Amino acid sequence: MAQGSTTQGSTTHGSTIGAVAPTVARRSGAAFSEMLKDSALFALVTLGLSIPVVAYRTDLGQGTGLELTGRWGVVAGLCLAVFVLRLGQRLLLGEVARRREVHRLATVDAAPVVARAGRVLGPLTLFVALTLPLLAALASGGLSEGRYWIDLGILILTYVMLGWGLNIVVGLAGLLDLGYVAFYAVGAYSYALLSTVFGLSFWICLPLAGLFAAAFGVLLGFPVLRLRGDYLAIVTLAFGEIIRLVLINWVDFSGGAAGLSSIPRASFFGIPFTAGEGGFAQTFGLTFSPMHRIVFLYYLILALALITNLVTLRMRRLPLGRAWEALREDEIACRSLGIDTTMTKLTAFALGAMFAGFAGSFFAVRQGFVSPESFNFLESAIILAIVVLGGMGSQIGVAIAAIVMVGAPELLRNLTFLKAVFGEGFDPNEYRLLLFGLAMVCMMVWRPRGLISERTPSVRLGGRPA
Amino acid sequence: MEFFAQQFINGLTLGSIYGLIALGYTMVFGIIGMVNFAHGDVFMLSSFIALIFFLILTTWLGLTSVALVFLIVLIVAMILTALWGWAIERVAYRPLRGSFRLAPLISAIGVSIFLSNFVQVVQGARNKPVPPLVRDVIVLYQNEQYTVTLSYKQAIIMTTTALLLAGFWYLVQRTSFGRAQRACEQDRRMAALLGINVDRTISLTFVLGAALAAVAGTLYLLYYGVVSFSDGFVPGVKAFTAAVLGGIGSLPGAVLGGLIIGLIETFWSAYFSIEYKDVAAFLILIVVLIFKPSGILGRPEVEKV
Amino acid sequence: MTLATGITRLATVQDEPPAAIPGGPADPILVVDHLTMRFGGLTAVGDLSFKVGRGDITALIGPNGAGKTTVFNCITGFYKPTEGMIRLAQEGGETYLLERLPGHDVNRLARVARTFQNIRLFPQMTVLENLLVAMHKPLMRASGFSLAGILGLPGYRRAQAEAIEKAAAWIARIGLTHRADEPAGDLPYGDQRRLEIARAMCTDPVLLCLDEPAAGLNPRESADLNTLLRMIRDEYGTSVLLIEHDMSVVMQISDRIVVLDYGIKIADGTPDEIRNDTRVIAAYLGVDDEEVAAVEAEVGLAGAPA
């Protein structure tokens with residue numbers, strides 16, 4: 001099973017392991033010195049790469065020119081780290097290869113363990129998500145004190161929803177969309193403009209924002225979905241950038257780079273979250289607290305995310321969803337089976353765009369402010385990274401990736417001991433994208449099908465739909 | 001007319017830089033069929049390498065000869081960037097051969113994000129200005145209203161580009177590496193059977209592409225006098241547009257495409273609107289990919305069933 | 001048929017107006033009419049005309065590079081022919097000009113299904129899912145283009161249950177019931193070939209085009225394939241057009257054979273006629289004497305068992 005589900009992975013691995021195996025089998029001193037030499041080579045290359053971008057930092061000095069500061073200590077540290085990591089990797093790979101040699105027949109199967117973990121993790125994550133405001137309040141001793149956690153939850157859930165939405169396009173249909181954030185922007189600006197110009201309420205704007213985003217998806221998708229995979233990716237990227245540049249430059253329409261502010265807040269289905277007469281607190285006989293709105297927003301994004309998930313899971317078992325997956329596997333075979341590939345891609349594109357539109361309108365109502373800078377390529381890349389790291393197609397994988405990728409740096413920022421180790425100016429957020437990039441590469445190299453790579457069949461013969 | 005001539009010179013200068021970057025895209029696409037998304041960031045990185053060596057040479061070693069400084073910076077930047085190109089291919093792309101279709105592109109996006117943020121972390125987020133290396137201009141034409149000039153910078157950029165392209169052309173057309181490279185483009189498996197070291201040829205392609213990007217990076221720094229960690233993205237996309245416009249996989253096409261994109265961008269900014277100059281490049285990319293994906297000099301692709 | 005008549009027939013075909021191609025089966029399901037396909041300067045198929053009889057198994061044979069797969073790609077909508085017409089006549093009387101249909105409509109409307117020389121399954125999807133994808137059209141309709149399906153309406157459930165039943169029947173027929181829920185990519189080669197045929201059959205085709213179905217199969221699997229193809233012809237009434245190099249398959253199951261060489265038809269007839277056509281034998285593996293003898297042995301001309 002493990003071999004089957006990760007065919008690509010094992011072929012790419014095969015060569016590395018194959019090259020290492022014979023040396024390890026002997027396990028002689030010569031092999032070890034070979035490893036040392038190899039690791040030293042890695043360190044040497046690192047040294048080469050570090051000159052001069054790491055070794056000298058340029059800073060604006062007192063005068064007009066730049067000043068250089070030598071940092072050879074950092075370079076030495078980097079080289080040492082690479083040396084140790086490479087040596088460790090070689091030793092570990094060697095060990096794995098040796099073990100595999102020994103247990104060649106009794107293959108140790110890791111996949112079921114991961115799958116079982118996924119089965120437990122799903123409900124657990126859902127449980128935590130559903131009770132987060134309560135947990136936060138209990139843990140911090142009050143709803144207002146727990147605000148940090150609830151805000152973090154909202155942030156993470158926004159990315160979970162975006163990740164799930166993009167997962168339809170990338171994970172299921174296999175279309176690499178690098179401009180996904182454009183649809184997010186369409187949703188956000190739809191709400192911002194509809195509510196400020198026409199005074200429409202959030203609950204009318206939400207579906208409209210989704211529809212607008214989907215319409216944009218169709219508009220863009222129709223001409224470009226015939227293109228081969230990597231061209232499509234670049235075209236969607238260009239499209240996303242065009243939307244952003246237009247938002248920046250078309251000041252009359254979008255407020256330009258300054259953005260749009262004082263966007264109306266969300267109401268509880270018509271009842272505003274205000275302190276006075278007719279407000280939420282008074283209507284329900286509660287003491288007013290600004291946290292009511294925050295908690296409401298939290299459950300709103302949770303509901304939206306869960307709807308995204310539900311629709312995706314449902315779609316997978318419908319012919320259209322199956323056609324998406326088939327399309328990802330082999331487009332030519334799809335055509336030979338009478339599937340209109342352009343239309344099928346278009347539906348995936350539009351549905352993904354629609355969820356981005358919903359998320360965008362949530363973003364606008366939560367912030368009360370939108371500006372083009374929230375929708376740059378990096379944002380698209382982060383969402384894509386979440387989908388890729390989650391394992392392209394795995395719903396729980398995407399959720400976990402979003403939690404780790406968005407939540408972890410936030411948490412790390414507050415760990416004071418890190419500052420003690422790395423100096424006062426240390427900000428883990430700076431390293432966040434660096435690690436995103438590295439993680440994307442590592443995933444493609446080691447587990448191209450994602451951490452949770454097992455695909456659940458959409459239907460089984462032995463029993464009804466899975 | 002004078003205004004037009006001046007813009008034409010400016011456009012050609014910009015176009016030379018795009019053309020140099022575009023060559024890296026087109027060579028890599030030609031040989032392994034992947035869009036090397038990180039190439040723009042390699043270009044940005046090379047600009048930083050050039051910047052730092054420029055500072056070392058001028059402020060620490062006190063060199064004053066412009067030609068010598070330029071030459072040393074150029075060569076060092078080419079070598080060190082080539083090393084980056086080699087390392088990236090080795091770590092992030094080579095293990096992915098035979099992986100699924102989108103894996104190399106996703107990996108390249110990862111490298112791109114890594115590189116720009118790596119530079120941000122090690123060099124800071126602010127713009128890095130350098131004092132102008134050469135200020136002189138040659139006046140080509142003058143009347144009461146207009147002066148058409150060719151600055152020394154522009155002259156250096158165009159000359160360097162032309163010289164390096166000639167050398168590069170010789171390398172690809174006349175040497176055994178060039179033959180191996182073209183063979184790998186046509187049929188990688190057959191080339192391997194005939195005893196060509198395919199891995200090494202691909203590595204060399206990346207090295208060469210990175211070295212050309214380093215030339216572009218050095219010239220970019222010379223031209224604009226400022227660089228920042230985010231400067232890889234937009235020139236990268238424009239150079240890719242140039243490669244696609246010229247016909248991806250075609251080397252003369254990449255240079256031609258670069259010049260056209262440089263000219264279009266310059267004229268667009270001069271006559272229409274400077275705000276939408278990037279939109280112009282992106283629109284060209286979309287239009288070309290939709291209507292003529294084989295570009296000006298590329299060969300049309302026959303779908304393999 | 002002799003060499004001389006072969007040439008005269010070719011000549012007459014070229015002189016006739018396109019509407020009437022003489023010879024061939026009386027009730028053709030598919031008429032390929034003066035088909036020409038050029039790639040740049042290369043003519044892969046030159047002015048080719050032939051017919052596929054309704055309810056027949058027709059084989060398209062010829063040496064490597066003779067243009068057989070190109071013909072297939074034209075028929076199944078992957079290439080747009082440079083010249084010529086491809087007419088498909090369904091039993092109800094509807095006629096389709098395949099070269100004018102968008103790629104997927106060749107299957108969806110004209111009901112022509114195909115397999116590929118290098119198998120094209122959906123490797124990560126299970127055997128059952130592969131077959132369900134082939135029933136996309138009826139299931140899409142039943143799911144109300146996903147709207148009814150999302151809501152879980154009973155009409156769709158019934159349709160899906162029927163589809164699964166049909167798929168299960170095909171899975172049983174190709175002997176893969178025990179592996180129905182495994183990824184198709186994990187199956188051995190021979191099973192993948194049969195699965196691809198079953199998947200094509202799940203689209204309810206009137207014409208099934210098979211591109212080298214016996215390639216890479218061992219003799220026992222080849223024999224199974226023969227049985228399967230005969231069953232498809234006799235029980236489902238589906239006409240079959242196949243490209244094949246394995247003469248034991250071709251000679252045993254074909255009702256008619258069309259021979260191509262360098263993109264041009266050199267013979268067209270029953271297996272017996274083809275067996276005795278010296279031109280075919282000469283062209284098929286070159287004119288080398290020893291090779292002719294080998295081919296003669298293979299097609300059973302010299303009394304050798306086929």
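Residues numbered from 1 in each chain as written. Chains lettered and ligands numbered in written order. Predicted model: local features only at pLDDT ≥ 70, side-chain atom pairs only at ≥ 80, totals over all residues.

1. A word on the confidence of the model for chain C
All names here are of chain C.
- Taken residue by residue, chain C gives an average pLDDT of 81. The fraction at 70 or more is 85%.
- The spread of mean pLDDT over the elements of chain C runs between helix α1 (residues 3-15), the lowest at 39, and helix α4 (residues 127-134), the highest at 93.
- Considering only residues more than four positions removed or in separate chains, one finds that residues 1-20, a stretch of pLDDT under 50, has 21 contacts.
- Segment residues 302-306: pLDDT under 50, and nine contacts once partners within four positions in sequence are set aside and those in other chains are kept.
- As a predicted assembly, this complex carries a pTM of 0.83 together with an ipTM value of 0.86. (pLDDT = per-residue confidence, 0-100. Helix = DSSP H or I, 4+ residues; strand = E, 2+ residues; numbered from the N terminus. Contact = placed C-beta atoms within 7 Å.)

2. Quick notes on the interface of chain A and chain B
- Tallying the contact residues gives 51 residues for chain A and 57 residues for chain B.
- Of all the elements in the fold, those that place two or more residues in the side of chain A that touches chain B are α2 (7-26), α3 (29-50), β1 (56-60), β2 (66-70), α8 (202-224), α9 (229-249), α16 (377-390) and α19 (428-446) of chain A.
- Grouping the amino acids of the side of chain A that touches chain B by side-chain chemistry returns 37 nonpolar, nine polar and five charged. (Nonpolar A, V, L, I, M, F, W, Y, C, P; charged D, E, K, R; others polar.)

3. Observations regarding the domain arrangement of chain C
All names here are of chain C.
- Considered domain by domain, chain C is made up of domain 1 (1-109 + 240-306) and domain 2 (112-203).
- Taken together, the contacts link nine residues of domain 1 with six residues of domain 2.
- Of the residues contributing to the side of domain 1 that touches domain 2, the split by class is five nonpolar, three polar and one charged. (Domains from an automatic or database assignment.)

4. Focus: the environment of A:A266
All names here are of chain A.
- Relative to the elements of secondary structure, A266 occurs in the loop between α10 (251-254) and β3 (267-268).
- A C-alpha to C-alpha distance of 52 Å links A266 and T46, two positions 220 residues apart in sequence.
- The contact partners of A266, leaving out residues within four places of it in the chain, are F202, F296, L297, L300 and V365.

5. Here's the deal with the sheet that holds strand β2 (residues 42-53) of chain C
Residues and elements named next belong to chain C.
- Pairing in this open sheet of four strands is antiparallel, and the strands run β2-β1-β4-β5 from one edge to the other. On the outer flanks of this sheet lie β2 and β5 (95-97), each paired with one strand and no other. The mean inter-strand angle of the sheet, taken between neighbouring strand axes irrespective of direction, is 15°.
- For strand β1 (residues 28-39) and strand β4 (residues 83-89), the ladder comprises five bridges, and the chain directions are antiparallel. (Pairing = 2+ DSSP bridges. Axes fitted to C-alpha atoms, helices over the stretch in contact; angles between N-to-C directions.)

6. Quick look at α4(C)
- The element α4(C) is largely enclosed, with a buried count of eight among its eight residues.
- Every buried residue belonging to α4(C) is among C:V127, C:L128, C:E129, C:N130, C:L131, C:L132, C:V133 and C:A134, and all of these are buried.
- Lining the buried residues of α4(C) we find α13 (319-329) of chain A together with α5 (136-142), α7 (154-173) and α8 (189-201) of chain C. (Buried ≥ 20, exposed ≤ 12 C-beta atoms within 10 Å, placed from the backbone.)

7. Let's talk about the environment of C:L207
All names here are of chain C.
- With respect to the element layout, L207 can be found in strand β7 (residues 207-211).
- For L207, a count of 24 C-beta atoms within 10 Å corresponds to the buried category.
- The spacing of L207 and L241 is 34 residues in sequence and 7.3 Å in space, taken between C-alpha atoms.
- Contact partners of L207, with chain neighbours within four places excluded, come to I29, L30, V52, L88, V112, S239 and L241.

8. Some points on the nonpolar core
- Within the largest apolar cluster, 326 residues are counted, with the highest numbers of intra-cluster contacts made by A:I386 and A:A402.
- When residues of this core are assigned to their parent elements, the largest contribution, 16 residues, is made by helix α8 (residues 198-224) of chain B.
- With near-sequence residues (within four places) excluded, A:A402 lies in contact with A:I156, A:Y159, A:V160, A:G163 and A:I386. (Core = buried A, V, L, I, M, F, W, Y, C linked by C-beta atoms within 7 Å.)

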